[in-house]
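Residue-level structure breakdown
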Amino acid sequence: MSTPAPGPSVLFVCVHNAGRSQMAAAFLTHLAGDKVEVRSAGSAPADTVNPAVVEAMKEAGIDISAETPKVLTVEAVQASDVVITMGCGDTCPVFPGKRYLDWQLDDPAGQGVASVRPIRDEIERRIRGLLRELDG
């Protein structure tokens with residue numbers, strides 16, 4: 001059990017937790033270090049992270065090959081200050097006092113690395129913007 005970060009906590013959610021939410025969590029962890037507690041989950045998690053996503057992130061200098069998709073739990077949502085959905089819609093439980101964002105992003109499922117790169121770059125851009133907001 002890791003000790004909670006002193007700063008905010010962010011949960012990234014997509015259906016399979018195998019692409020977009022994994023990339024977002026990896027970028028936030030990479031860029032924020034221990035200033036932000038980062039989680040990711042899926043409403044219907046896949047067995048493994050999308051290999052094209054792993055490859056695209058490796059090109060960006062981030063290794064997510066050891067990550068595994070996790071199931072979305074009510075506890076994960078309750079423990080997070082910011083919940084960012086990436087196409088899971090109504091499957092995410094809503095609690096008062098949480099900040100919810102929905103990032104409309106192309107789904108990398110079934111895509112090759114060349115198609116994943118622009119999604120990765122857009123996620124990185126949004127993560128950098130989110131970090132500026134979180135830093136106040």
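Look up: the structure comes first, before these words.
The text that follows walks through the structure, step by step, so that each part is easy to find. (Residues numbered from 1 in each chain as written. Predicted model: local features only at pLDDT ≥ 70, side-chain atom pairs only at ≥ 80, totals over all residues. Heavy atoms only, no water.)

Okay, the overall build of the chain next. Looking only at helices and strands, one finds four helices and four strands in the chain. For 136 residues, the compact-globule estimate of 2.2 N^0.38 gives 14 Å, and the C-alpha radius of gyration of the chain, at 14 Å, lies within 12% of that figure. For the C-alpha atoms alone, the extent of the chain along its principal axes is close to 40 × 30 × 30 Å. Relative to its 136 residues, the chain shows a buried fraction of 43%. Restricting to contacts in the chain with at least 6 residues of sequence separation, those with at least 24 account for 70%. For the chain, the accessible surface area stands at approximately 6,900 Å², while carbon and sulfur atoms represent 51% of it. (Helix = DSSP H or I, 4+ residues; strand = E, 2+ residues; numbered from the N terminus. Rg over C-alpha atoms; globule rule 2.2 N^0.38 Å. Buried < 20%, exposed > 50% of the residue type's maximum accessible area, 1.4 Å probe, protein only. Contact = heavy atoms within 4.5 Å. Areas by Shrake-Rupley, 256 points an atom, 1.4 Å probe, with all protein chains shown as cover.)

A separate point is the nonpolar core. Counting residues in hydrophobic clusters, the biggest one holds 31 residues, and the most contacted among them are Phe12 and Leu28. Among the secondary structure elements, those contributing two or more residues to this core are strand E1 (9-13), helix H1 (20-32), helix H2 (51-59), strand E3 (82-85) and helix H4 (113-134). Counting eight residues, the second largest nonpolar core, distinct from the first, contains Val13, Ala41, Leu72 and Ala76. (Core = buried A, V, L, I, M, F, W, Y, C linked by side-chain atoms within 4.5 Å.)

On to H4, then. Spanning 22 residues, H4 covers 30 Å between terminal C-alpha atoms, matching the ideal 32 Å at 1.5 Å per step. On its buried face, H4 sits against E1, H1, H2, E3 and strand E4 (99-102). Once H4 finishes, glycine 136 follows within two positions and takes phi at roughly 80°, a positive value. (Expected span 1.5 Å × (residues − 1).)

Moving on to the packing of H1 against H4. Where H1 contacts H4, the two axes come as close as 9 Å, and the packing angle between them is 45°. The angle between H1 and H4 places the two elements in the oblique class. Crossing angle aside, the handedness with which H1 passes H4 is right-handed. Across the interface between the two elements, Arg20, Met23, Ala24, Phe27, Leu28, Leu31 and Ala32 of H1 pack against Val116, Ile119, Arg120, Ile123, Glu124, Ile127, Arg128, Leu130 and Leu131 of H4. Of the residues assigned to the contact of H1 with H4, the class counts are 12 nonpolar, no polar and four charged. (Axes fitted to C-alpha atoms, helices over the stretch in contact; angles between N-to-C directions. Parallel < 35°, antiparallel > 145°, perpendicular 65-115°, else oblique. Left-handed = near helix turned anticlockwise from the far one by under 90°. Nonpolar A, V, L, I, M, F, W, Y, C, P; charged D, E, K, R; others polar.)

Read these as geometric descriptors, not functional statements.
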